[in-house]
Amino acid sequence: MKKYLLLITGIIFLASCRTGKINRTLNSGDPALFTGVLISDTHSGKTLYSYAGDKPFVPASNTKILTLSACLSTLGDSIPAFRYFMRKDTLFLLGTGDPTLLHPDFPESAAMPLLKKAGTIVISDQNFRQAPYGAGWAWDDYNDYYQPELSSLPVYGNVVRAALQNGELTLKPAYFSLKDSLLPTGTIVRNPGENTFYRNPASQRSARFSQEIPFRTGLELTARLLADTLKVPVICKHFEITEPLKTAYSHPVDTVLRKMMQQSDNFLAEQLLLLAGGTLSDTLSTALSIRHLSGRLLNDTALPYRWLDGSGLSRYNLFSPQIMVHLLNNMYRSYPQERLFSLMSIGGKAGTLRNKYKTGNTPYVFAKTGSMSGVYNESGFLTGRSGRLLTYSVMKNNFTGTVAENGRKTMNLVEIIRQRY
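A. Geometry of the sheet that holds strand E10 (residues 197–199). A sheet is described by the order of its strands in space; here 3 strands give the open sequence E8-E10-E9, paired in mixed fashion. Looking at strand neighbours, the two that pair on one side only are strand E8 (178–180) and strand E9 (189–190), the edges of this open sheet. Pairing between E8 and E10: 3 bridges, direction parallel. Counterpart to Leu178 in the pairing with E10 is Phe197.

In structure tokens:
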């Protein structure tokens, strides 16, 4: 009996040694801060540590973990570019939400030859039931690179790219033009309701100046941009589908998912959520996608949550560390580790964590960050000092300090967790 008591006492002592410094770290600093932490053994799913792990937090770009899971569960090897049928040399086309068409960060779409050989292209957005912005997005971020509008057939990433070329400020696509204005800034500004772009010609810009400005989307504009690029007549028209639709494909799924996760690309995340939901319905709608996909991804948990968009731009989203860990563990059980980890930001190597967790040559953190004013979150996989694989989620809301400061504190906490497991 005495031996058993000593064993139990030893286990409790060991556990308290592991968690004591974690607790002290969480309970110091900004008094306004809300923090939630959950750590589990990845292979068994057993919870090893929880501090407000069941409480909901604004997830910011940790929401992209749900979008990743949605895409992995619905898409095959390649991104569906559009659905179509041919009538003589006329291509009738419905968008799928594919964000990569004419996007400069991707190679030419595998669907381009089909577009180029058409005598005429007819496009329709009759399957699109989505506002240009997501629920709860900030209206005054319309000029910022991270908030492009949503559409069924995006082109050029739905942004205009400005840069200096031979000393001259140029826009791409060249369809758009600049007007002079007495702006009090060197940046380019678009009027909220139209595609008029203004610059101050007197502003001094470095040779490396670049800026991405979302443009106002619309089917007519998409048609003009496609016609200008393809040199093929493009017509906007709702049409009757008289024969079975075929699907054209653009890029490998993992190529697009990796860019979404590692660069935390909001536009890719939103369009990919539309695309994933579109595989389960004939309608492109964020709300409908979430309705279909939440049952698929979260039907095995009774945990409360609120899911409103694909990128995390909305502060209406609410998820707990427990849900983040639950999703990550489910993905780990469903997909090869090498594939899954390659899609995440990798400590010291790639993505938003490339400048963190640099100890040694072997990466030990594979995670997704998420931040906005007053919010910093980090959820993913961590190899402990013992070699044990952990799934973790650290969520911080409501702080008054900087995002960078709380990112550093989170890194320190994750390092402590690593040392103790």
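B. View of the pattern of salt bridges. Counted according to the given criterion, the structure contains 8 salt bridges. Linking Lys259 and Asp105 is a salt bridge whose minimum nitrogen-to-oxygen distance equals 3.2 Å. In this pair, Lys259 is assigned in helix H5 (residues 253–262) and Asp105 in the loop between strand E4 (90–95) and helix H3 (112–117), connecting sequence segments 154 residues apart. For Asp105, a relative accessible area of 45% gives the class partly exposed.

C. Quick look at helix H4 (residues 219–230). For H4, which comprises 12 residues, the first-to-last C-alpha distance of 16 Å matches the rise-based estimate of 16 Å (1.5 Å per residue) to within 8%. In the segment just after H4, Lys231 is the residue with positive phi, at about 60 degrees.

Parameters at a glance
- Residues numbered from 1 in each chain as written.
- Predicted model: local features only at pLDDT ≥ 70, side-chain atom pairs only at ≥ 80, totals over all residues.
- Heavy atoms only, no water.
- Pairing = 2+ DSSP bridges.
- Helix = DSSP H or I, 4+ residues; strand = E, 2+ residues; numbered from the N terminus.
- Salt bridge = Lys/Arg side-chain N within 4 Å of Asp/Glu carboxyl O.
- Buried < 20%, exposed > 50% of the residue type's maximum accessible area, 1.4 Å probe, protein only.
- Expected span 1.5 Å × (residues − 1).

Shape descriptors only; they carry no functional weight alone.
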